[in-house]
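# Structure at a glance
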Amino acid sequence: MTHTEHQVAGQVAGLLLAAGGGRRLGGRPKALLTYRGRPLVEHAVRALRAAGCTRVHVVLGAAADAVQERARLDGCVPVVNPQWERGMGGSLRAGLDSLAGTGATAALVSLVDQPGIGEEALARVLAGHEDESSLVSAAYDGKRGHPVLLGAAHWAGVAQAATGDRGARGYLEAHEPEIRLVECADVARPYDIDTVDDLIHLE
């Protein structure tokens, strides 16, 4: 890792949203779904670290105590969102709030229920970081998806717009011309684990 790469890695914090209760999965918390023998949240954390994020904040909600007991989250900063049932927006706000004062100039935001998006896609989006004004998003055949990198200059605006299950989507739509898209369809598959039928992706 060059000095410049190391510097960037230190400036960008990984922010993993892992609070979902899996309502359409029979109430099984997404963070604790088993993937390759371990809780899904561990794989998501490992991918962020492998991509270059030395600081990783994990937003928990459903079964937060059980997640911290069962999953190896050593070195991560757990952030519990007591209002996780209100949707992803609150979890994103809680995560961004937790990064205040850390010195991070950007947050690389990933979702726990997208195991098909690994370190390659995360690293590509991370590499698009320049400074606190950066907005970078993965794209799949030209269509914007996750992960997204939010420069610190945008955090207040993102937090204000994040309501219900709309995380950063509304803010990003309003700032479309500023977003740098990074094509990732060749290295990642952006499916979600939302329903029982989706569990086939974890086998």
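Residues numbered from 1 in each chain as written. Predicted model: local features only at pLDDT ≥ 70, side-chain atom pairs only at ≥ 80, totals over all residues. Heavy atoms only, no water.

Moving on, we get to the overall build of the protein chain. Within the protein chain, the secondary structure is distributed over 7 helices and 9 strands. Computed over the C-alpha atoms, the radius of gyration of the protein chain is 15 Å, within 12% of the 17 Å expected from 2.2 N^0.38 for a compact globule of 203 residues. Overall, the C-alpha framework of the protein chain stretches about 40 × 35 × 30 Å when taken along its three principal axes. Buried residues in the protein chain amount to 54% of all 203 residues. Look at the contacts in the protein chain between residues 6 or more apart in sequence, and 69% of them connect residues 24 or more apart. (Helix = DSSP H or I, 4+ residues; strand = E, 2+ residues; numbered from the N terminus. Rg over C-alpha atoms; globule rule 2.2 N^0.38 Å. Buried < 20%, exposed > 50% of the residue type's maximum accessible area, 1.4 Å probe, protein only. Contact = heavy atoms within 4.5 Å.)

We now examine helix H2 (residues 40–51). For H2, spanning 12 residues, the distance from its first C-alpha to its last is 17 Å, which sits close to the expected 16 Å at 1.5 Å a residue. In terms of burial, H2 is largely enclosed, as 9 of its 12 residues are buried. Among all positions in H2, only Leu40, Val41, Glu42, His43, Ala44, Val45, Ala47, Leu48 and Ala51 are buried. Backbone geometry just downstream of H2 places glycine 52 in the positive-phi region, at approximately 125°. (Expected span 1.5 Å × (residues − 1).)

The omega torsion across histidine 146 and proline 147 is 0°, close enough to zero to call that bond cis. You can see proline 147 is positioned in strand E8 (residues 143–151). You will see that alanine 63, though not glycine, has its phi angle at about 50°, which is positive. Residue alanine 63 is classed as partly exposed on the basis of its relative accessible area, which comes to 35%. With phi around 55°, aspartate 141 is a residue other than glycine that occupies positive phi space. Take aspartate 141: it is sitting in the loop between strand E7 (135–140) and E8. Judged by relative accessible area, which is 72%, aspartate 141 ranks as exposed.

Relative to each other, H2 and helix H5 (residues 119–127) sit at 45°, their axes nearing to 8 Å. By the angle class used here, H2 and H5 are oblique. Once H2 is placed against H5, the crossing between them reads as right-handed. Side by side, H2 and H5 meet where Ala47, Leu48, Ala50 and Ala51 of the first sit next to Glu119, Leu122, Ala123 and Leu126 of the second. When its residues are assigned to classes, the contact of H2 with H5 shows 7 nonpolar, no polar and 1 charged. (Axes fitted to C-alpha atoms, helices over the stretch in contact; angles between N-to-C directions. Parallel < 35°, antiparallel > 145°, perpendicular 65-115°, else oblique. Left-handed = near helix turned anticlockwise from the far one by under 90°. Nonpolar A, V, L, I, M, F, W, Y, C, P; charged D, E, K, R; others polar.)

Counting all residues, the mean pLDDT for the protein chain is 91, and 95% of those residues have values of 70 or more. Scored below 50 in pLDDT, residues 1–9 shows 6 contacts in the model against residues more than four places distant or in partner chains. (pLDDT = per-residue confidence, 0-100.)

What follows covers the pairing of E8. Pairing of strand E6 (residues 106–111) with E8 involves 4 bridges; the strand directions are antiparallel. Counterpart to valine 109 in the pairing with E8 is valine 148. Pairing between E7 and E8: 5 bridges, direction antiparallel. Paired with serine 137 across the strands is valine 148, a residue of E8. Counting the residues in the hairpin turn of E7 and E8 gives 2 residues, including aspartate 141, whose phi is positive at 55°. (Pairing = 2+ DSSP bridges.)

Evaluation of the coordinates by the stated rule reveals 7 salt bridges. The residue glutamate 42 makes a salt bridge to arginine 72 at a minimum N-O spacing of 4.0 Å. Residue glutamate 42 is located in helix H2, and its partner arginine 72 is located in the loop between helix H3 (64–70) and strand E5 (77–80); the two are separated by 30 residues in the primary sequence. Owing to a relative accessible area of 4%, glutamate 42 belongs among the buried residues under this scheme. For arginine 72, a relative accessible area of 54% gives the class exposed. Across the pair glutamate 176 and arginine 144 runs a salt bridge whose closest N-O atoms are separated by 3.5 Å. Taken together, the residues glutamate 176 in the loop between helix H7 (169–174) and strand E9 (180–183) and arginine 144 in strand E8 connect sequence positions 32 residues apart. Taking the relative accessible area as the measure of exposure, arginine 144 reaches 25% and is therefore partly exposed. Via salt bridges that share partners, Arg38, Glu42, Arg46 and Arg72 belong to a single interconnected network. (Salt bridge = Lys/Arg side-chain N within 4 Å of Asp/Glu carboxyl O.)

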